[in-house]
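# Coordinate analysis (summary)
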Amino acid sequence: LGLRECLSVSQEDLPGTLQEIAVHPCVQEALLLSTCNRTELYAVVEAGEEWPVVLSRLLLRDRQAAAEEAGAALYCHAGEAAACHLFRVAAGLDSMVLGEVEIVHQVKQAARIAAEVGTAGTVLVRLTEKALAASKRARTEAGYDESGLSVASRAVAVCKQMFPDLSRLTVLVVGAGETAQLAVHCLISKGVRRVLIANRTLEKAQRLAELTGGEALPFSQFPRYLGEADVIICCTSSPRHLLTVSDLRPIVGEREGRPLLVVDLAVPRNVDPAAGTLPGLRLLNIDNMQGPAEPTGAQRQEKIRLATSLVEEEAREFGQWLRARAAASTIRDLQQHLEQLRAEIAAEMTAALGGSANGCREIVDRFTRRLTRSFLRQPICNLKQLAEDEEADLHLQIARRLFGLGADR
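Quick caveat, the model's predicted, so the values are computed rather than measured.

### Observations regarding unusual backbone geometry
The omega torsion across Val267 and Pro268 is 0°, close enough to zero to call that bond cis. Here Pro268 lies in the loop between strand S7 (260–264) and strand S8 (281–285). Even without glycine at this site, Glu256 takes up a positive phi of about 55°.

### Concerning the state of the cysteines
A complete count under the given rule lists zero disulfides for this structure. Free of any disulfide, Cys76 has its nearest neighbouring cysteine sulfur in Cys26, separated by 12 Å. Judged by its relative accessible area of 41%, Cys76 is partly exposed. Sulfur of Cys84: no disulfide; nearest cysteine sulfur belongs to Cys76 and is 16 Å away.

### Considerations on the pairing of S7
Taking burial as the measure, the five residues of S7 include five buried ones, the bulk of the element. Covered by surrounding structure in S7 are Leu260, Val262 and Asp264 together with Leu261 and Val263, the residues of both alternating faces. Pairing of strand S6 (residues 231–234) with S7, which is carried by four bridges, proceeds in the parallel orientation. Counterpart to Ile232 in the pairing with S7 is Val262. Viewed along the sheet, the connection from S6 through helix H11 (residues 245–253) into S7 turns out right-handed. Looking at chain direction, S7 and S8 are connected through five bridges and run parallel.

### Notes on the nonpolar core
Ranked by internal contacts, the top residues of the largest apolar core, which has 47 residues, are Leu32, Leu41, Phe87, Leu93, Leu127 and Tyr144. Where this core is concerned, the elements lending two or more residues are helix H2 (14–22), strand S1 (27–34), strand S2 (39–45), helix H3 (51–60), helix H5 (79–90), helix H6 (102–117), helix H7 (122–142) and helix H12 (298–353). Broken down by element, the residue count for this core peaks at seven residues, all from H7. Filtering out sequence-adjacent residues up to four positions away, Leu32 remains in contact with Val9, Leu14, Thr17, Leu18, Ile21, Thr39, Glu40, Leu41, Leu59 and Ala110.

### Re the packing of H5 against H12
With their axes 8 Å apart at the nearest point, H5 and H12 run at an angle of 140° to one another. Regarding the angle of H5 to H12, the classification is oblique. Like other packed secondary-structure pairs, H5 and H12 cross with a definite hand, here right-handed. Counted together, Gly79, Glu80, Ala83, Cys84, Phe87 and Arg88 of H5 and Thr308, Val311, Glu312, Glu314, Ala315, Arg316, Phe318, Gly319, Leu322 and Arg323 of H12 form the full contact between these two elements.

### Describing the pairing of strand S3 (residues 170–174)
Summarising burial for S3: five of the five residues are buried, a large majority. Here S3 shows two buried faces, one formed by Thr170, Leu172 and Val174 and the other by Val171 and Val173. Judged from the five bridges that link them, S3 and strand S4 (residues 194–199) form a sheet pairing that is parallel. The residue of S4 that forms the bridge with Leu172 is Leu196. One ladder, built from four bridges, connects S3 with S6; its direction is parallel. If you follow Leu172 over to S6, its bridge partner there is Ile232.

Analysis parameters
Numbers given to residues run from 1 along each chain, matching the order in which its sequence is written. With the structure being a predicted model, the display of local features is reserved for residues of pLDDT at least 70 and the display and counting of side-chain atom pairs for 80 or more, all residues being used for whole-chain, interface and lining totals. To get the side-chain values, take all heavy atoms of the structure and skip hydrogens and water. Helix and strand labels come from DSSP, where a helix needs a run of H or I of at least four residues and a strand needs a run of E of at least two; each type is numbered from the N terminus. Here, two cysteine sulfur atoms that lie within 2.5 Å of each other are counted as a disulfide. Throughout this description, buried means an accessible area under 20% of the type-specific maximum (1.4 Å probe, protein chains only), exposed means over 50%, and partly exposed covers the range between. Pairing between two strands requires that DSSP report at least two bridges joining them. Orient the strands so they point away from the viewer; a crossover is then right-handed if the path from the first strand over the helix to the second runs clockwise. Throughout this description, the term nonpolar core refers to a set of buried Ala, Val, Leu, Ile, Met, Phe, Trp, Tyr and Cys residues connected via side-chain atoms within 4.5 Å. Note on definitions: a residue-residue contact is assigned when non-hydrogen atoms from the two residues lie within 4.5 Å. Think of each axis as a best-fit line through the C-alpha atoms, taken over the contacting stretch in the case of a helix, with angles from 0 to 180 degrees between the N-to-C directions. Any angle that is under 35 degrees is reported as roughly parallel, and any over 145 degrees as roughly antiparallel; angles of 65 to 115 degrees are reported as roughly perpendicular and all others as oblique. Note: crossing handedness is left-handed where the near helix turns anticlockwise from the far helix by less than a right angle, and right-handed where it turns clockwise.

What follows is the structure in structure tokens.
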């Protein structure tokens, strides 16, 4: 969690960060997915570059203090494997809570921001569209998230474990984003009757309160209600602690032995971790919401196997498209390269023959074009076949080098 805090990128900072990354000459397209559980950079890079090193440095940027620790946590995927990873993420198969629903919105938001700032082009737009389609297909056909699992619902489950009668609780929710909305709806559905909602934008808190029967509070006033709350759920994008030990110590002292549950679902954290040492206060963070490593039950296991198979099938289709696109680019560049050579030679032949600018050049052009078309027929056929091969990327790089076409963009 501490490392993820260092590497997280807020929604407000995403556009500027993407533009900084896209300035690098190696990077053609870029998209950042930063959630409570991950910070991932998806990029289209120039072939031949040491892309893992380049992208790792761009991801860390001014966070070199975390570089050593981050090194052990970084992972890199390319081509179809990168697509398969994002498809698993979007499907909630790589989440803290299996099948979580928030990630779908987060992937959509990351794609939207990258498109708005102009760092997502043909490849990344198609990648995210296919990721969302794969997520929908996996969730629909495998049916593993029928219960609407989320980090927020897990937090509410913890509340129920600690307070069997939720109807008698007062819950203070700080934040009104998607996680907060899910938490509030889940709390109401489980029987909580009093929910206080505080948000920096009061209108957003009021809209959520109207939908759920809660009470909206101006953000500046939420500290006054800490003493009334049995459960405090924090999920804002604030880069600093909203609640400190000094804020919570007097609150705990006034509860006369009644427990206080504080759930911090934010990254970076909204609550000072030291508050967890206060007697009578139980502090949980996002990592405490981690679900079991493997789903229980043979039926659920089978659903996950089916979902994984569907996601991998969608990733293979994307990989085929990616390879076909690379082959088409190589074919186009080869045709342009040979046409340039043909035109130069045709001009030299016309001059050497002393022919007129009309008749002689026309004949030379006709026969040299026929020659280049004949020469290209078999290489083009072979390049198209290479697009079907799993080693297509390597073979296309070799082909480009053999013909002197330079790096593929």
